[in-house]
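# Examining the three-dimensional arrangement
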Amino acid sequence: MGGCAGSPRRLSDSEGEETDLAPRPRLQDSQGAHWKNAVGFWLLGLCNNFSYVVMLSAAHDILSHQRTPGNQSHVDPDPTPTSHNSSSRFDCNPVSTAPPGAHQWDLCRRKLPPGCFFSFGDDQPVCYFLLLTSPGPQDPGGEADSDTSARQPLINNEASESKPGSGSPLSLQERWTVFKGLLHYIVPLVLVYFAEYFINQGLFELLFFRNTFLTHAEQYRWYQMLYQAGVFASRSSLRCCRIRHTWVLALLQCLNLAFLLVDVWLSYLPSIYLVFLIIMFEGLLGGAAYVNTFHNIALETSDEHREFAMATACISDTLGISLSGLLALPLHDFLCQLS
């Protein structure tokens, strides 16, 4: 009797052990998918920004070269430098390095290697189809619960409760409600991008120091490199430092713009190394504003509104860059006419 009574118990214990061991393969699969997604999104970000960053960083070199006479297909790789505006203290190119310059894009296409813009683009499908994994049903517990305390409603619950089915498209009124709730994130990000691209593509060329061993083109390349280094560092710092009040970043970036604009006019900074520090700080502010804006929006929107909210916030950088380019073009022409 005792032995018979104990057998089911031992069987149930062994079944319990098997039950405890069952989820382990699923956990390993989940970790593998996590790393595949991390690598995939990292490569997508690299491919997405590579050609754009190369174009902006090489803008001064591209505009400094003249086309070879009688050859419209490429640029002379080693032309004789020409004096662009000898009467101006800024050593200006005839065309601004601001993004809206169609002439700049045409020169960039002719100057850089033919595969430069397409080799990375052929990879934005390989990563998507081979590395990224399709999202499965979400676990109600786990990491999602850890961020619950940080969530604050972006819009009133009335708009969410008025929607009987979360899978149906958002109504026009609901989209407008979500958009209004996003303004306190969209406006600071627009200002951040306006200020930093006004600096990068409107002032970098004009921040020219003659009392240094670096040539004008080398100074411009160092400005761009330090800015991108700052952006890279701050966009990778979300797990270390999270900023909710992004308007502070917008205010600091606008102060950077004002400070450097006055220096372009008065030339009061004694050393290029001070400009290097300011530009690195500018990149840190820009990257921090971008990553924290989208992180906060992801936390503060409901599941049915998150996709629309994230897509809407993407207009911020485009709007800021476009406005800065439109103002940088006439500013370039005005300052370069000064003696």
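Residues numbered from 1 in each chain as written. Predicted model: local features only at pLDDT ≥ 70, side-chain atom pairs only at ≥ 80, totals over all residues. Heavy atoms only, no water.

### A few points about the nonpolar core
What counts here: Definition of nonpolar core: a set of buried residues of the types Ala, Val, Leu, Ile, Met, Phe, Trp, Tyr and Cys, connected through side-chain atoms within 4.5 Å. Categorising residues by exposure relies on relative accessible area from a 1.4 Å probe, with only protein chains included: less than 20% of the type maximum marks a residue as buried, more than 50% marks it as exposed, and the intermediate range marks it as partly exposed. Per the convention used, a helix needs a DSSP run of H or I reaching at least four residues, while a strand needs a run of E reaching at least two, with both numbered from the N terminus. What makes two residues a contact is simply this: any of their non-hydrogen atoms within 4.5 Å.
Ranked by internal contacts, the top residues of the largest apolar core, which has 51 residues, are Leu 203 and Tyr 223. The set of elements that each furnish at least two residues to this core consists of α2 (23-57), α9 (172-203), α10 (216-235), α11 (247-266), α12 (272-300), α13 (303-313) and α14 (315-336). Once residues within four sequence positions are removed from consideration, Leu 203 is found in contact with Phe 198, Leu 257, Leu 260, Leu 261, Val 264 and Leu 331.

### Remarks on the UniProt feature "transmembrane region" (unreviewed entry) in the protein chain
Short version of the rule: UniProt positions are given in the numbering used here, feature names are shortened, and annotations may be inferred rather than shown by experiment.
Mapped onto the present numbering, the UniProt feature "transmembrane region" (unreviewed entry) falls at residues 182-200, 247-266 and 272-291. Span residues 182-200 is 100% helix and 0% strand, its end C-alpha atoms 27 Å apart. For residues 272-291, the end-to-end C-alpha separation is 29 Å, with 100% helix and 0% strand making up the annotated structure.

### Overview of unusual backbone geometry
Residue Ser 267 is not a glycine yet carries a positive backbone phi of 55°. One can find Ser 267 in the loop between α11 and α12.

### Some thoughts on the confidence of the model for the protein chain
Any region with low pLDDT has predicted coordinates that should not be read closely. We count it as follows: Every residue is assigned a pLDDT by the predictor, reflecting its confidence on a scale from 0 to 100.
Per-residue pLDDT for the protein chain averages 76, and the proportion of residues at 70 or more is 65%. This model gives residues 66-86 a pLDDT under 50, and the stretch forms 30 contacts once residues within four places in sequence are excluded. Counting interchain partners and residues more than four positions distant, the pLDDT-below-50 stretch residues 140-146 has one contact.

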